[in-house]
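Reading the structure
Listed below are the residues making up each chain.
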Amino acid sequence: MCFSLYTNGYKLLSTKQPPGSLKCLHGIRFLSLTWVILGHTLVFSLNSVVNPLTLFAWMKTWSFQVLVNGTVSVDSFFVLSAVLTSYLLLVQLEKGKTISRKFFISVPVMYLHRYIRLTPAYGFMLLFYTCLMLYSYDGPLKPVNTAIGDAFCSSHWYANILYVNNVVKPLEQCAPWSWYLSDDFQYFLLTPFVVYMLYRLPVGGVILSVAMVIASIGSAIGASVKYDLGVAMFFGRTSFLDPVEITDDAQDYYYAPWTRYQSFGIGILFGYCLWRCNGKMPLSKVGNVCMWVISLGIMLAVLYGPYELIAGKRVGTVAETAIYNGFGRTGWSIALGYIILACCLESGGWVNELLSWPGFVPLSRMTYCAYLVHPVIMTIITSSQKNKVYWSKITLIYMFGGYLVCAYSVAFIFSLVFEVPFMLIDKKYLTGKLK
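Each value, and the rule that gives it
Residues numbered from 1 in each chain as written. Predicted model: local features only at pLDDT ≥ 70, side-chain atom pairs only at ≥ 80, totals over all residues. Heavy atoms only, no water. Axes fitted to C-alpha atoms, helices over the stretch in contact; angles between N-to-C directions. Helix = DSSP H or I, 4+ residues; strand = E, 2+ residues; numbered from the N terminus. Parallel < 35°, antiparallel > 145°, perpendicular 65-115°, else oblique. Left-handed = near helix turned anticlockwise from the far one by under 90°. Contact = heavy atoms within 4.5 Å. Nonpolar A, V, L, I, M, F, W, Y, C, P; charged D, E, K, R; others polar. Patch = residues over 30% accessible without salt bridge, like charges linked within 9 Å, V, L, I, M, F, W, Y side chains within 5 Å. Areas by Shrake-Rupley, 256 points an atom, 1.4 Å probe, with all protein chains shown as cover. Salt bridge = Lys/Arg side-chain N within 4 Å of Asp/Glu carboxyl O. Buried < 20%, exposed > 50% of the residue type's maximum accessible area, 1.4 Å probe, protein only. Polar contact = N/O pair within 3.5 Å; in protein donor to acceptor, adjacent residues only side chain to side chain. Expected span 1.5 Å × (residues − 1). Bend = angle between axes of the 7 residues up to and from the residue. Disulfide = S-S within 2.5 Å. Phe/Tyr/Trp six-rings, centres within 6.5 Å; stacked < 30°, edge-to-face > 60°. Lys NZ or Arg CZ within 6 Å of the ring centre and 35° of its normal. Core = buried A, V, L, I, M, F, W, Y, C linked by side-chain atoms within 4.5 Å.

Right, let's talk about the packing of helix 5 (residues 72–96) against helix 11 (residues 257–277) for a bit. Put simply, helix 5 and helix 11 touch, their axes get as near as 7 Å, and they point 40 degrees apart. Overall, the two elements helix 5 and helix 11 adopt an arrangement that is oblique. In the crossing of helix 5 with helix 11, the sense of the turn from one axis to the other is right-handed. Together, Val74, Asp75, Phe78, Val79, Ser81, Ala82, Val83, Ser86, Tyr87, Leu90, Val91 and Glu94 of helix 5 and Arg260, Ser263, Phe264, Gly267, Ile268, Phe270, Gly271, Tyr272, Leu274 and Trp275 of helix 11 make up the contact between the two elements. Of the residues contributing to the contact of helix 5 with helix 11, the split by class is 14 nonpolar, 5 polar and 3 charged.

Right under this line is the structure:
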């Protein structure tokens, strides 16, 4: 039954949710990946268009700031993962009244469950990307004199499977978009201990969590100052059109788990707040409205605040760019954390109704596989083109729409074959039994 396409397909497309589910997370998860796919549509299309420099002109417009600063969509996933993990762990601790010895014995089982949950689909994607992708298309942009989709995969594939490709030769990653999985998995290794401290010693746990967030912010500021980074990813401070050394930026700022932990740490704290609230909003209606306004204001400031610097109207100081690179993701994570908290406590109004729409549930379940396969789909489509495309905003829109539909269509099949069956095997015969 674990490999039944009918049964698994029915479960995958079902909109039913168990009691106590954090319903708004489904909508946020789907919309965040949609944002990621929109950004990747630009990146993966650069080699297949006639006028790639048009992108730089677009990036200096007000409307495109959502894409230029859209890397915070990844931070949204860190917040979602942390909120859900910390909240569920605290609920389990409260239900079981777990003693220290039993809890620490269960930690390796949590790790095994997480590894089995992520790795089968991830591994099959890497296999196809490395060994089979080149045989699935043909065109003038197809690599020649090679039988491997990504040369780095032949030598560094083990780093991906061990979830250390973000620190082991991060500039030579196999499937470079997978750095996020390694960051998230490494954060998960720390989470049970941080959450247990929040449960047993709340004050100490909060102090530890805040200290880890502050350390992460400090490392991001340090990397920004050291490499004189600009406010937009991979671009220098003094000129938006002059890329900095991608080695420095990617390794020490963008991929590094120590600079990106701030979002995950904030998510843990909001998961703890959600558990402590016990289903009741602690703020008055006026206080809640004020927090919504502040949260939305922070998000708009993160997305549109650096517009003058990105548009080249003036050169930002080292302090300005460092503050943005250090605190921008923090502000975004705090704002999103409050939105999640308010929606889960039935204080989100129409926003909660939208994000909790049942139609997002199956899309949310397929988000992981859609994240895995969408860059492969983009690579195949762009490399299959017989002629280069002239970029316009209309072209971008239909390319994005096509990629989004293709990503979720393939993700549905991929999840049925490579994800759901192994989740059921794990639940019935492996970690489910160990628990």
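Attention now goes to a nonpolar patch on the surface. On the surface, a nonpolar cluster with roughly 270 Å² of combined accessible area is contributed by Leu5, Ile413 and Val417. Along the chain, the position of Val417 falls in helix 18 (residues 393–429).

The next subject is the pattern of salt bridges. Throughout the structure, instances matching the rule amount to 6 salt bridges. Asp75 serves as the salt-bridge partner of Arg260, at 3.1 Å between the closest nitrogen and oxygen. In this pair, Arg260 sits in helix 11 while Asp75 sits in helix 5, placing the two residues 185 residues apart along the sequence. The residues Arg260 and Asp75 share a single accessibility class, namely buried. For Glu308, the salt bridge goes to Arg314, with nearest N and O atoms at 3.1 Å. When its relative accessible area of 39% is taken as the criterion, Glu308 is described as partly exposed. We classify Arg314 as partly exposed; its relative accessible area is 37%. Among the charged side chains, a network of salt bridges with common partners joins Asp75, Arg260 and Arg329.

Let us now look at the side chain of Gln385. Relative to the assigned elements, Gln385 resides in the loop between helix 17 (367–384) and helix 18. Its relative accessible area of 15% is what places Gln385 among the buried residues. A polar side-chain atom of Gln385 sits 3.4 Å from the main-chain carbonyl oxygen of Asn387. Setting aside residues no more than four positions away along its own chain, Gln385 makes contact with Ser48 and Pro140.

A rise of 1.5 Å per residue sets the reference length of helix 18, with its 37 residues, at 54 Å; its end C-alpha atoms lie 51 Å apart and thus fit the reference within 8%. For helix 18, the principal kink sits at Ser415 and spans about 50 degrees.

Per the stated rule, a full pass over the model turns up 1 disulfide. There is a disulfide in this structure between Cys153 and Cys174, and the S-S distance comes to 1.9 Å. Every disulfide takes its handedness from the sign of the S-S torsion; for Cys153 and Cys174 that torsion is 85 degrees, giving right-handed. Separated by 21 residues along the polypeptide, Cys153 in helix 7 (residues 153–161) and Cys174 in the loop between helix 7 and helix 8 (179–200) bring together distant segments of the chain. Accessibility expressed as a relative area gives 2% for Cys153, which makes it buried.

Turning to the packing of aromatic side chains, a few remarks are in order. One pass over the structure, following the stated rule, counts 37 aromatic pairs. Between Trp62 and Tyr304, the ring centres sit 4.7 Å apart and the planes meet at 20 degrees, which makes this aromatic pair stacked. Note that Trp62 is positioned in the loop between helix 3 (54–59) and helix 4 (65–68) and Tyr304 in helix 12 (residues 285–304), a separation of 242 residues in sequence. Taken together, the aromatic side chains of Phe77, Phe78, Trp179, Tyr180, Tyr187, Tyr254, Tyr255, Tyr261, Phe264 and Tyr371 make up a single cluster linked through ring pairs. The ring of Phe188 carries the charged tip of Arg114 above its face, separated from the ring centre by 4.7 Å.

Turning next to the nonpolar core. Taken as a class, soluble globular proteins show a tendency for nonpolar side chains to be buried jointly. Membership of the largest hydrophobic core comes to 125 residues, with the highest contact counts inside it found for Met125, Ile340 and Leu372. Excluding residues that lie within four positions of it along the chain, Leu372 makes contacts with Ala121, Tyr122, Met125, Trp177 and Leu181.

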